[in-house]
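Remarks on the overall topology
The residues making up each chain are set out below.
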Amino acid sequence: METPKDPTSIDNRISEGLTRIAIAMRSDEWSKAEKAGLKPTQLAILEFLAGRDSARVKEIAAHLGVSQPTATDSIAALERKGLVAKESAPGDKRATAIRITTEGMAAFGSVSPIETAAMEAARSLSPGEQEGLLLSLVKMIRHLQEADAIPIQRMCTSCRYFRPYQHSGAAKPHHCNFVNAAFGRNELRIDCRDHETADPATRAATWDAFEKG
């Protein structure tokens, strides 16, 4: 028999807090999407495709956390608007991949600079609080990844170019081999377009080094 959850526990209260933040972020997403004449799911698809050559419907649906039929309907609407196009998937000409078009990039770019309530709230924190929150989010996202609750995200900690604590000093302890540069903890990426997923063994070793550091 499953043990009842304690509504007063700190993990439950953190979950409640994240839910409240998610409500504000959903409102932000509607505002951004409406500016481009899109639905939030359609804008999220453009955002996902903007940093990739192409992606299959299954990948898009998994990343957005929606069903494949929902993703398919949104992709069809974007295709009618000329914002995405279908092509043969890399390595398998029988399969279909979706890519963002020039018009789609323009539509996405028209809304990306919008100031959101969530960004404003994050800016109300002190630099130390911001860094601590960022590290906590990285850890939570990593846990969700490893539990297969979400796909592998394009975070520094899952990237084959990431080298944690390669440099002495607290300012810029990490190293990115892609750009060959040191960077600080407050510069950790949640979604990097240059990301290349490391193999599972490397991800585990990198995370172990990151946590110990």
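None of the values given here were measured: they were computed from a predicted structure. (Residues numbered from 1 in each chain as written. Predicted model: local features only at pLDDT ≥ 70, side-chain atom pairs only at ≥ 80, totals over all residues. Heavy atoms only, no water.)

For the protein chain, the count of helices and strands is 8 helices and 5 strands. Each helix and strand of the protein chain, ordered N terminal to C terminal, gives the series α-α-α-α-β-β-α-α-α-β-β-β-α. Expressed as lengths along the three principal axes of its C-alpha atoms, the size of the protein chain is roughly 50 × 45 × 45 Å. Residue burial in the protein chain is summarised as follows: out of 213 residues, 30% are buried. (Helix = DSSP H or I, 4+ residues; strand = E, 2+ residues; numbered from the N terminus. Buried < 20%, exposed > 50% of the residue type's maximum accessible area, 1.4 Å probe, protein only.)

Let us look at helix α2 (residues 40–50). Most of α2 sits inside the fold, with 8 of its 11 residues counted as buried. Here α2 has its buried residues at Pro40, Gln42, Leu43, Ile45, Leu46, Phe48, Leu49 and Ala50. On its buried face, α2 is in contact with α1 (10–35), α3 (57–64), α4 (68–80), β1 (84–89), β2 (92–100) and α5 (102–109). (Contact = heavy atoms within 4.5 Å.)

Once that is clear, we can look at the sheet that holds strand β3 (residues 162–163). A sheet is described by the order of its strands in space; here 3 strands give the open sequence β3-β4-β5, paired in antiparallel fashion. Single-partner strands in this sheet number two, and they are β3 and β5 (181–183). Two strands pair when backbone bridges link them, and β3 and strand β4 (residues 174–176) are joined in this way by 2 bridges, in the antiparallel orientation. Each bridged residue has a counterpart across the sheet, and for Arg163 the counterpart in β4 is His175. (Pairing = 2+ DSSP bridges.)

Looking now at the nonpolar core. Counting residues in each nonpolar core, the largest one holds 19 residues, and the members touching the most others are Leu46, Leu49, Ile60, Leu78 and Val84. If one sorts the elements of this core by residue count, α2 sits on top with 6 residues. Not counting chain neighbours up to four residues away, the residues in contact with Ile60 comprise Ile45, Phe48, Leu49, Ala55, Ile75 and Ile98. (Core = buried A, V, L, I, M, F, W, Y, C linked by side-chain atoms within 4.5 Å.)

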